[in-house]
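Given next are the chains, with one letter for each unit.
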Amino acid sequence: MNLNGLFRVSAIAATLALGACGGDINISEGDIVDNSVVNNDNSNSGTPVTPTPTPDDTKPGSVDTALSAQVSTALGQSIEVRELVGRLTDADAVNGVIRLTNDTVWALTGAVFVGNDKANSVTLEIEPGTIIFGSAGADYLVISRDSKVEALGTAASPIIFTSYNDVIGNEVQAGQWGGMIILGNAPTTKCPIDGTDCSLQVEGAETGAVFGGVNDADNSGILNYVVVKYAGFEIAPDNELNGITFGGVGSGTEIDYLQVHANADDGVEFFGGSVNAKHLVLTSIQDDSVDWDNGYNGKLQYVYIEHASDGSDANRGIEGDGDGGDGTPFSLPKIANVTIIGNDFDNTNTASEGVLLRDQTGANIINMLITGPAGMGECLEMDNDATVQGNLADGDITITNSVIACAEAFNFTAPDVDLNNWFGTEQQGNSIIAFADRANVGINSDGTLTSESSLRTSGGNPASLDTYFDTNAFVGAIGANDWRQGWAFGFGGGEVGVVTSASGCPAGTTTIPAVDGTTNTCQLSGRITTNLRLTAGNHYALSEAVFIGGDNTDSATLIVDPGVVVYGSSGADYLVVSRGSKIEANGTATSPITFTSSQHVANGLTAGLANGTAGQWGGMVILGNGNSTKCPQDGTTCSLQVEGVQEGAVFGGDNDADNSGTLRYVRVMHGGFEVAPDNELNGITFGAVGSGMVVEYLQVHKNADDGVEFFGGAVNAKYLVLTGIQDDSVDWDNGYKGKMQFVLVKHADDNSDANRGIEGDGDGGEGTAFSNPTVANMTIIGNTFNTTNGTSEGVLLRDQTNAQLYNFVVTGPAGMGECFESDLSDGDITLEENMDGTSATQLVFQSSVLACAENINNSGTFDQQAWFIGQAGNSIAADQEAVLNGIFTIDATAPTDVTTLDSFFVPVDFIGAVKDANNDWTANWTVGL
């Protein structure tokens, strides 16, 4: 396949949330050289880009000049749109192949058929990065029997089927076009059993779109790295278009890495046939995500299903039927490694549920995980059809090595079988987790398993079920390798936006010389008010203060691909995410995102840690609309100037659930800059950031000021690493009340500058509430740094703060300062009241061990040592070697079960941040350990 140079595009959609957003478009401009940088205005009102492309009439279809102008304007590049209409046959082909190239955008108008039914057959070949769209529910693509689709995308350039609105940047939603239908010659139970010809009309398509036959190995082509979005259309009740309909499709067809997102009907539906598939992503589907019937007997492995995060329309993760017919066999698929995450959608017609197996179906399922919020319907339901009841008893329905955690585990419509006993006792290796204990599932917000999750190793071997399946030992769809990343919508791929310049730099950036001499480098500057994606393969340089969005106006999203490196060259170079805007930085353990200094980049990113020092650039500032005790209490607008940043960078509000995006597998290195005394840049400053933001697997390394500082707000964080921080590693004030779990602080190995592992404040203000975060499983390892200005210490709690601290290990070498101090010497009485029992909300420090030469600094008259020892499960150990082996906990203190405090927390059987080498969540992506 001949590929022209691909142009990666960045984002138009306002968010990466799985509810309703954009997709990823790659446009190749062939031999056109365009060194311009074009900004997308997110509108349809601009003047079409000129010159218009020269039509190539050797290609399929015909040029639509109006659509070409509209798409060119939206994408900021001269684009040819060709319209496909009616039936494509061998008369339109070259050597039997019709090729859709990625230098053109393709529009479906009405029902577009590839081949006639078993006549005039052709292969529709689609290049990586190609975009095909429909504009209405009547626009859909049908692959007829004996024809094929060869859609071979790549992880970097998936093929996108989407809606017109998605392409031009207008509002998107389910049902904006039809969908895809693939018709084959494989058997179905509705085929006549007397051997006469089988031609079954498929639902949702015009008359003559038929399927069925006698060839289980029939081949309808390949779908590889394909994303289908915003489709689905109900022509009439019970006659609808799915994202992809597989009608009698045979096992010769290859399906691998396929996503259907935001579909108005089912995601994928299998009408009979035996097609197999691996790596399926079904997100925000409004009916059943996976549906089978008519005797389907294929195999599926690695199926990730997540209902819309905004709680909108959803139904079952899986609905399996046999669905009648003259044939005696029932449906009997085999399925391995499934994750189903529901939502709380519930109305009189449908509800978010897990799995329903209905009449005339069997199924053999292994390594399935089903969970969701309190409002989700049942995890598992079986119909009372006699075949289903018989299949439960005779082994044609099996579910093994699987876990369910729903408020309603089962719907007992099956009168002859006790599902609770069948699933929990009779089937091998299953677990029913009470909803109140759902944190025991050990699943991250993105559907991956936590490093401590027992589900990583408690699965069965899928290959024992069928040799088609890969061997693994984990429950759910995602193991150590998150195979969704980079290509699937919501997971670093699939965003629609503007075209890049010919240099490879995203529009809105400029090409500059590479500081490492080789890597294409793009510069960001000023205020960015349209969505921007920082694509992999480039370096990105910050030029002074770079703002994402205006303050609650002109909001934008900065999307950062896995593996991207962003750098600054001086303390004046820093990144600010304004209120109302977002950063979506979704790295992976194998491809973390790095924010660092130009010196570090120039000296070699892979040559070791000596290539950068603290304070070589500014840092990152994220500003939100959460509460702060310094906000006015009279109801007037809150706009608090954040420290270290130019005037106008403000935070604060009344929305503690505010969402500023995602930081996942992100490293911030060699930053921090003191603009003036008491006005400095931290590694990351969180200004009133709300709990809607996701922060997990985050490291700040060698920062000249604090590692992370929380000015109010309620943002939560898991898996934090803070190494070589020269001031406080974790600092909070202004009424911060978020939650943290698994926090590792390690002061510099060379005993250079360090201060406290935690410094907690309330820091005044008009508000009467004080800071009160909850922190669990933290390890603080100090060093021997000690000067008149700063000393390596453990935890310091100061005025107007409270805290709920559990499962800590605080230690260090003999020269380290105190492990713990509550500063009661400055006359402020709020902290002492939080410790002595006189306030309504008490300071808690439990199930923790201190192992320092000076364990507690008794500032003030209150006996803090007696207080600490009096807390449940606390102890004093001799030294660092008694509690830690490197970063791993060897102290045997029994932990507090923090899952009883909040569902944010996951269960542990250890104190400290990292249990042992077998559960080392820091491995492979962090530095300095």
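The structure we're discussing is the one just above.
The structure displayed is predicted, hence computed values, not measured ones.

J.: Would you take a moment to explain the state of the cysteines for this structure?
T.: Simply put, disulfide is the name for a covalent bond between the sulfur atoms of two cysteines. Tallied over the entire structure, the rule returns 5 disulfides. At a sulfur-sulfur separation of 2.0 Å, the disulfide partner of Cys 191 is Cys 198. Between Cys 191 and Cys 198 the disulfide shows an S-S torsion of about -75°. By sign, it is left-handed. Relative accessible area serves as the criterion here: at 8%, Cys 191 is assigned to the buried category. The disulfide bridge from Cys 819 ends at Cys 852, spanning 1.8 Å between sulfur atoms. Between Cys 819 and Cys 852 the sulfur-sulfur dihedral comes to about 80°; the bridge is accordingly right-handed. Taken together, the residues span a long stretch of sequence, with Cys 819 in the loop between β57 (804-811) and β58 (820-822) and Cys 852 in the loop between β60 (849-851) and α7 (864-870) at a distance of 33 residues. Across the pair, Cys 852 and Cys 819 agree in class, each one buried. When the bonded cysteines of the chain are counted from the start of the sequence, the pairing works out to 1-2, 3-4, 5-6, 7-8, 9-10.

J.: Help me understand helix α3 (residues 386-394) in this model?
T.: Owing to its 3.6 residues per turn, the α-helix aligns residues three or four sequence positions apart on the same side. All buried positions along α3 are accounted for by Val 388, Gln 389, Asn 391 and Leu 392. Along the axis of α3, the buried positions cluster into a sector of 160°, meaning they face one direction only. Exposed residues lying more than 90 degrees from the buried face of α3 are Ala 386, Ala 393 and Asp 394. Where α3 is buried, its residues contact β26 (353-357), β28 (380-382), β29 (397-400) and α4 (419-426). Among the residues trailing α3, Gly 395 stands out with phi positive, at a value near 95°.

J.: Sorry if this is basic, but what is going on with the environment of Phe 133 here?
T.: Among the structural elements, Phe 133 can be located in strand β8 (residues 131-134). A sequence separation of 45 residues divides Phe 133 from Gly 178, and the C-alpha atoms of the two residues are 9.6 Å apart. What Phe 133 contacts, discounting residues up to four positions off in sequence, is Leu 67, Val 81, Val 105, Trp 106, Ala 107, Leu 108, Thr 162, Ser 163, Tyr 164 and Val 167.

J.: What is the right way to read the packing of aromatic side chains from this model?
T.: Aromatic rings considered in pairs are described by the distance between their centres and by the relative angle of their planes. Inspection of the entire model under this criterion finds 28 aromatic pairs. For the ring pair Tyr 225 and Trp 487, a centre distance of 5.5 Å and an interplane angle of 85° mean the geometry is edge-to-face. Taken together, the residues Tyr 225 in strand β15 (residues 221-229) and Trp 487 in the loop between β32 (431-432) and β33 (510-512) connect sequence positions 262 residues apart. Given the relative accessible area of 15%, Tyr 225 is considered buried. Aromatic pair Tyr 302 and Phe 474: ring centres 6.4 Å apart, planes at 20°, arrangement stacked. Of the two residues, Tyr 302 sits in strand β23 (residues 299-306) while Phe 474 sits in the loop between β32 and β33, which places them 172 residues apart along the sequence. The residues Tyr 302 and Phe 474 share a single accessibility class, namely buried. Lys 718 extends its terminal NZ or CZ atom over the ring of Phe 904, reaching a point 4.3 Å from the ring centre.

J.: Would you take a moment to explain the pairing of strand β10 (residues 148-152) for this structure?
T.: Every other side chain in a regular strand lies on the same face of the sheet, so the side chains alternate between the two faces. Bridge analysis of strand β7 (residues 123-126) against β10 gives 4 bridges, and the strand direction is parallel. Directly across from Glu 125, in β10, lies its bridge partner Glu 150. Sheet analysis places β10 next to β15, joined by 4 bridges and oriented parallel. Bridging across to β15, Glu 150 finds its partner in Ile 222.

Conventions we followed
Residues numbered from 1 in each chain as written. Predicted model: local features only at pLDDT ≥ 70, side-chain atom pairs only at ≥ 80, totals over all residues. Heavy atoms only, no water. Disulfide = S-S within 2.5 Å. Buried < 20%, exposed > 50% of the residue type's maximum accessible area, 1.4 Å probe, protein only. Helix = DSSP H or I, 4+ residues; strand = E, 2+ residues; numbered from the N terminus. Arc of directions from axis to C-beta. Contact = heavy atoms within 4.5 Å. Phe/Tyr/Trp six-rings, centres within 6.5 Å; stacked < 30°, edge-to-face > 60°. Lys NZ or Arg CZ within 6 Å of the ring centre and 35° of its normal. Pairing = 2+ DSSP bridges.

All quantities given are derived from atomic positions and should not be read as evidence of function.
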